[in-house]
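Chain by chain, the residues run as shown.
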Amino acid sequence: MVAARAAIIAATTVLVSFIMFGLAALSPFDPLASYLGTGYAELSPAERADVAAAIGADQSWWRQWLDWFTGVFTGDLGFSRSYGRPVADVLSERLPWTILLSATGMTIAVAMAVALGTWAGRRPGGVVDKAVVALGVFIGATPSFIYALGVVLIFAVTLNVIPAGGASPIGEQPSLFSIGPYLIAPALVLAVTQLPWPLLAVRQATVEAIGSDAVENALVRGVPRTVVLRRHIAPMSLMPLVTLVGGRLSELVVGAVIVEAVFSWPGLAEATVESAKAVDFPLLAATTVLTTVLVMGGSLVADVTYKLLDPRVRDV
């Protein structure tokens, strides 16, 4: 039931935020030292206590969580100490860039998976099939930061054909009109790191579709192979992508964080890292909860979509 899954998502996000506050409280970083910077050593213990009370850092972690949680219901996500701005402003500024990078990378990955997977699956055991399977296994076994650093070294530093990082020229604000050259490298790297699972899934689904009774009967009836490929094999091959993409959103989020960090992309990765180092509870909670909702919500949407595409699936 969709309602039950939605209730589970809501309960899980509350639990995740509570656990996150508890784990962040165990961090070796001092939130007050991060907030004061170099001025921390110049203040007396009494002055530090006054500052801690002013910013709420003197409260227990569970009390800070309760204040943050109750504020969420009024639309107040809290104030980010590490950025000196409301959390909502930080998210509204950085979230669109993360969505743009993730959506572009996943679109490229799916397109590559469909093209290579169907090509390989049409002739199982052939040269192309073996090469594609080997490629998928190799990419899946290689950490994503290797590709990111390799692209920077070869194409940005050595050949100087792409920007080394960022989303705009130095001194300028990023915009959708000038983002193109800066989006190419991180989007391609993210696409490659997300390619193995959809590629191998499409390849396997294509192999199974070709050997299915429906395809064999269509060929026996004299239906042209191009028509069989378009109307029978392609739909059956693409079905696994629906649940696979939704179910692996967590991997996409992690991959996007790594890629953003390497390419200095102005998304949520930097905000997440900075909030963790500064023990910035409100911002860290917001990014953590947002990621949880994205992953679990994406899985739910994928399951519902799969049910709509295949009425034989009853339970979501």
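Residues numbered from 1 in each chain as written. Predicted model: local features only at pLDDT ≥ 70, side-chain atom pairs only at ≥ 80, totals over all residues. Heavy atoms only, no water.

## Some thoughts on the overall build of the chain
Inference 1: Within the chain one finds 14 helices and two strands.
Inference 2: Across its three principal axes, the chain shows a C-alpha extent of roughly 90 × 55 × 35 Å.
Inference 3: Split into buried and exposed, the 316 residues of the chain put 35% on the buried side.
Inference 4: Working note: accessible area of the chain is about 17,000 Å², and carbon and sulfur atoms make up 68% of it.
Inference 5: Taking the average location of the 19 positive side-chain charges in the chain and that of its 22 negative ones, the two points are 18 Å from each other. (Helix = DSSP H or I, 4+ residues; strand = E, 2+ residues; numbered from the N terminus. Buried < 20%, exposed > 50% of the residue type's maximum accessible area, 1.4 Å probe, protein only. Areas by Shrake-Rupley, 256 points an atom, 1.4 Å probe, with all protein chains shown as cover. Lys, Arg positive; Asp, Glu negative; His and termini not counted. Charge placed at Lys NZ, Arg CZ, Asp CG, Glu CD.)

## Some thoughts on a nonpolar patch on the surface
Inference 1: A surface patch of nonpolar side chains, about 710 Å² in accessible area, is lined by Leu15, Phe18, Ile19, Leu23, Leu26, Trp62 and Leu66.
Inference 2: The leading source of residues in the nonpolar patch is helix H1 (residues 2-25), at four residues.
Inference 3: Tracing the sequence through the fold places Leu23 in helix H1. (Patch = residues over 30% accessible without salt bridge, like charges linked within 9 Å, V, L, I, M, F, W, Y side chains within 5 Å. Salt bridge = Lys/Arg side-chain N within 4 Å of Asp/Glu carboxyl O.)

## With respect to the pattern of salt bridges
Inference 1: Under the counting rule described, the total for this entry stands at three salt bridges.
Inference 2: One salt bridge connects Glu93 with Arg85, and the closest N-O pair in it is separated by 3.1 Å.
Inference 3: Relative accessible area serves as the criterion here: at 40%, Glu93 is assigned to the partly exposed category.
Inference 4: Across the pair Asp129 and Arg203 runs a salt bridge whose closest N-O atoms are separated by 2.7 Å. Taken together, the positions of Asp129 in helix H6 (residues 127-141) and Arg203 in helix H9 (residues 196-210) put the pair 74 residues apart, joining distant regions of the chain. Residue Asp129 shares its accessibility class with Arg203, and that shared class is buried.

## Describing the UniProt feature "transmembrane region" (unreviewed entry) in the chain
Inference 1: Within the UniProt annotation, "transmembrane region" (unreviewed entry) is assigned to residues 7-26, 99-120, 132-159, 179-200, 238-263 and 283-306.
Inference 2: The span residues 99-120 carries 100% helix and 0% strand; its end-to-end C-alpha distance comes to 31 Å.
Inference 3: As a span, residues 132-159 carries 89% helix and 0% strand, and end to end its C-alpha atoms are 28 Å apart. (UniProt positions renumbered as here; feature names shortened; annotations may be inferred.)

## Overview of unusual backbone geometry
Inference 1: With a phi close to 50 degrees, Ser264 is a non-glycine residue in the positive phi region.
Inference 2: Secondary-structure assignment places Ser264 in the loop between helix H12 (249-263) and helix H13 (268-277).
Inference 3: Located in the positive-phi region is Val279, a residue other than glycine, with phi close to 50 degrees.

## Some words on the packing of helix H5 (residues 87-121) against helix H8 (residues 180-193)
Inference 1: Axis separation between H5 and H8 bottoms out at 8 Å; the angle between their running directions is 55 degrees. With respect to their mutual orientation, H5 and H8 come out oblique. Of the two possible hands of crossing, H5 and H8 adopt the one that is right-handed. Counting all contacts with H5, which are made through Leu100, Leu101, Ser102, Thr104, Gly105, Ile108 and Ala109, the residues of H8 involved are Leu183, Pro186, Ala187, Leu188, Leu190 and Ala191.
Inference 2: Within the contact of H5 with H8, the residues separate by chemical class into 10 nonpolar, three polar and no charged. (Axes fitted to C-alpha atoms, helices over the stretch in contact; angles between N-to-C directions. Parallel < 35°, antiparallel > 145°, perpendicular 65-115°, else oblique. Left-handed = near helix turned anticlockwise from the far one by under 90°. Contact = heavy atoms within 4.5 Å. Nonpolar A, V, L, I, M, F, W, Y, C, P; charged D, E, K, R; others polar.)

## Regarding the packing of H5 against H13
Each packed pair of helices is defined by two parameters, the angle between the axes and the distance between the axes.
Inference 1: Relative orientation of the contacting elements H5 and H13 amounts to 130 degrees, with a least axis distance of 8 Å. Between H5 and H13, the angle falls in the class oblique. Two secondary-structure elements touch here, H5 through Val90, Leu91, Arg94, Leu95 and Thr98 and H13 through Leu268, Glu270 and Ala271.
Inference 2: Tallied by class, the residues present in the contact of H5 with H13 amount to five nonpolar, one polar and two charged.

## So, the side chain of Thr142
Inference 1: On the secondary structure map, Thr142 appears in the loop between H6 and helix H7 (144-158).
Inference 2: Within the structure, the side chain of Thr142 is placed 3.3 Å from the side chain of Tyr147, a separation counted as a polar contact. (Polar contact = N/O pair within 3.5 Å; in protein donor to acceptor, adjacent residues only side chain to side chain.)

## What to know about the side chain of Asp129
Inference 1: What makes Asp129 buried here is its relative accessible area of 4%.
Inference 2: When residues no more than four places from it in sequence are discounted, the contact partners of Asp129 are Ala120, Arg123, Pro124 and Arg203.

## Points about the packing of aromatic side chains
Inference 1: Tallied over the full model, the rule gives seven aromatic pairs.
Inference 2: Centre to centre, the rings of Trp65 and Phe69 are 5.1 Å apart; their planes meet at 15 degrees, and the pair counts as stacked. Of the two residues, Trp65 and Phe69 both sit in helix H4 (residues 61-72), four residues apart, roughly one turn of that helix.
Inference 3: Trp65 sits in the buried class, given a relative accessible area of 12%.
Inference 4: Between Phe69 and Phe73 the ring centres are 5.1 Å apart and the planes differ by 90 degrees, which places this aromatic pair in the edge-to-face class.
Inference 5: Three or more aromatic residues link up through ring pairs in this structure, and these residues are Phe18, Trp61, Trp65, Phe69 and Phe73. (Phe/Tyr/Trp six-rings, centres within 6.5 Å; stacked < 30°, edge-to-face > 60°.)

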